[in-house]
Amino acid sequence: MSQDRVSQDRKLRWGILGAARVNERLLPAIVDAANAELVAIASRRPGAAAATVQKHAPQAASAVKCYDEPEALLDDDNVEAVYLPMSNHEHTEWALKAIAKGKHVLIEKPLALTVADVDAIANAAQQQGVTVMEGFMYVFHPQFARVQELLRSGVIGDVKFVRASYSFIMKPARLYRLEKDVDHGGGAMWDIGPYAIHSLRSCFGTEPKSVVTIAQYTESGADIATSGVFDFGEGRQGQFDIGFECSRRSEYQVTGSKGGLKCHTVWQQAGDVPVITWWTEDGRFWEERLPASSHFILEIEHFSDCVLNGKPPFLSLADARGNCKAIVAAMQSAAEGRRVGISPD
C-alpha cells in the first residue's frame, strides 16, 4: 500500500450520513483530500447537518447540501460515496440502504455487530458492484506500514506475543456510548476494542483460535473495561486491554524470538510525531521518528482512489469479518466466563 499523497483532477463526490462526533476529524479530511469532494451531509436532527459543516469546514459550507433526512442524501444522484458514522447498531441497516442506491460506502468501525451482517453487506456490495470498507484510519498512517515492514524483515524474529492497549477517560459528552448493552453495540469493546483486536490480528497476520476474556459492565449492560488473551496457535498469544476508565492510550507492543518493537501512539493527533521503537536480543535499540501525517486524509484518499480507479481497498471485507468474529467471541467469553473457540472459515 503506497503512502504517497494522491493527486488527480477527478474527485470522488462524498456524502456523510450522520453528524457524529467523529466528523470533527473525518469531515475536514474529506474536504482536504486531493481526490475527494464533500457535496452533502445528512442528520435526523433538524439543523445538525448544516451546523456540523459550519463548525468543522466553514470554507466548504456553501458547496455542501444539508439534509434533515438520511434517505434524502441517498436519493441524491450527485453523491457517489457515503461515509457512515452512525451508531454501531445502525451500520448494517444504513449500509445496505446506501448499497441498494448504488453508493460506495466507508463504514466507521465496527463494520457490523454480527458475522451474518458482515456477510450481508459483502453480498450486497458484490451484487451492486460497489466498494465497501471498514474505517480503520490507523492502517493508512505511515507508521503502520513501517511496523509491518519491520515484522516482515525478520529483524525481531518470529512474532510470539503482542499486547494492545487502548483507552480514554469517559467524558460526559460521550456517555451515549454506554446507553446500550453489548448486544446492541454499546460499551468499550465495540467502541475502541476493534482497534485492539485489529492490531493483534495485523501483527500476527492470521486469525485467532480461541479467547479468554473478562469484562466490567455498567447497569445498561455495556462493558466499561475489558481485557483478555487470544490464542493464535503454536504458542503465540495476543493480549489486549481496553476501557473508559484509564488515561488515554493507543499502543501495541510486539515481542519476537529475536527482539521486539512498539508503536507508541496509534491515534495520531494533528502535529503529533509518530514514534516507533525496536530492539534486538543482542542489546541493540533503535528509535524512529516519522513525519506527522493525517491518517484520516490518507484513508479518504485511499478509498477515493480505489473507487475512481477500480482498485480493491487495502482493508477487505474478509478482514472485517475476521475482526467481527474475534470480537463476538471475546464478548461471549466474558459473558459466559469460559474460553471460547473461534472456528476457521
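Residues numbered from 1 in each chain as written. Predicted model: local features only at pLDDT ≥ 70, side-chain atom pairs only at ≥ 80, totals over all residues. Heavy atoms only, no water.

A. Quick peek at the overall build of the chain. For the chain, the count of helices and strands is ten helices and 15 strands. Relative to the compact-globule value of 20 Å for 345 residues, the chain shows a C-alpha radius of gyration of 20 Å, a close match. Along the longest, intermediate and shortest principal axes, the C-alpha atoms of the chain span 60 × 45 × 40 Å. Looking at the 345 residues of the chain, the share that counts as buried comes to 55%. (Helix = DSSP H or I, 4+ residues; strand = E, 2+ residues; numbered from the N terminus. Rg over C-alpha atoms; globule rule 2.2 N^0.38 Å. Buried < 20%, exposed > 50% of the residue type's maximum accessible area, 1.4 Å probe, protein only.)

B. Representation of the environment of Lys109 in the model. By the secondary structure assignment, Lys109 is in the loop between β5 (104–108) and α5 (115–128). Considering only alpha carbons, one finds Lys109 and Asp68, 41 residues apart in sequence, at a separation of 24 Å. Not counting chain neighbours up to four residues away, the residues in contact with Lys109 comprise Asn88, His91, Glu134, Gly135, Phe136, Trp190, Asp191, Pro194 and Tyr195. (Contact = heavy atoms within 4.5 Å.)

C. Quick peek at the sheet that holds strand β1 (residues 12–17). Taken in spatial order, the six strands line up as β3-β2-β1-β4-β5-β6 in an open sheet, and their pairing is parallel. Both edges of this open sheet fall to β3 (65–67) and β6 (132–135), since each of them pairs with a single strand only. Averaged over all neighbouring strand pairs, the angle between strand axes comes to 25 degrees, with direction disregarded. Sheet analysis places strand β2 (residues 36–42) next to β3, joined by three bridges and oriented parallel. (Pairing = 2+ DSSP bridges. Axes fitted to C-alpha atoms, helices over the stretch in contact; angles between N-to-C directions.)

D. Quick peek at a positive patch on the surface. A surface patch of like charges, here positive, comprises Arg21, Lys55, Lys171 and Arg248. Relative to the assigned elements, Lys171 resides in the loop between β7 (159–167) and α7 (188–191). (Patch = residues over 30% accessible without salt bridge, like charges linked within 9 Å, V, L, I, M, F, W, Y side chains within 5 Å. Areas by Shrake-Rupley, 256 points an atom, 1.4 Å probe, with all protein chains shown as cover. Salt bridge = Lys/Arg side-chain N within 4 Å of Asp/Glu carboxyl O. Lys, Arg positive; Asp, Glu negative; His and termini not counted. Charge placed at Lys NZ, Arg CZ, Asp CG, Glu CD.)

E. Here's a closer look at the packing of aromatic side chains. Throughout the structure, instances matching the rule amount to 16 aromatic pairs. With a centroid separation of 6.1 Å and 90 degrees between ring planes, the pair formed by Phe136 and Tyr138 is classed as edge-to-face. The two residues Phe136 and Tyr138 agree in class, both being buried. Measuring from ring centre to ring centre gives 5.6 Å for Phe230 and Phe240, while their planes differ by 35 degrees; the resulting arrangement is tilted. Placement of Phe230 in strand β9 (residues 223–233) and of Phe240 in strand β10 (residues 236–243) is noted, with a sequence separation of ten residues between them. Accessibility classification places Phe230 together with Phe240 in one group, the buried group. (Phe/Tyr/Trp six-rings, centres within 6.5 Å; stacked < 30°, edge-to-face > 60°.)

Note that every value here comes from positions in space, so none of it alone points to a role or purpose.
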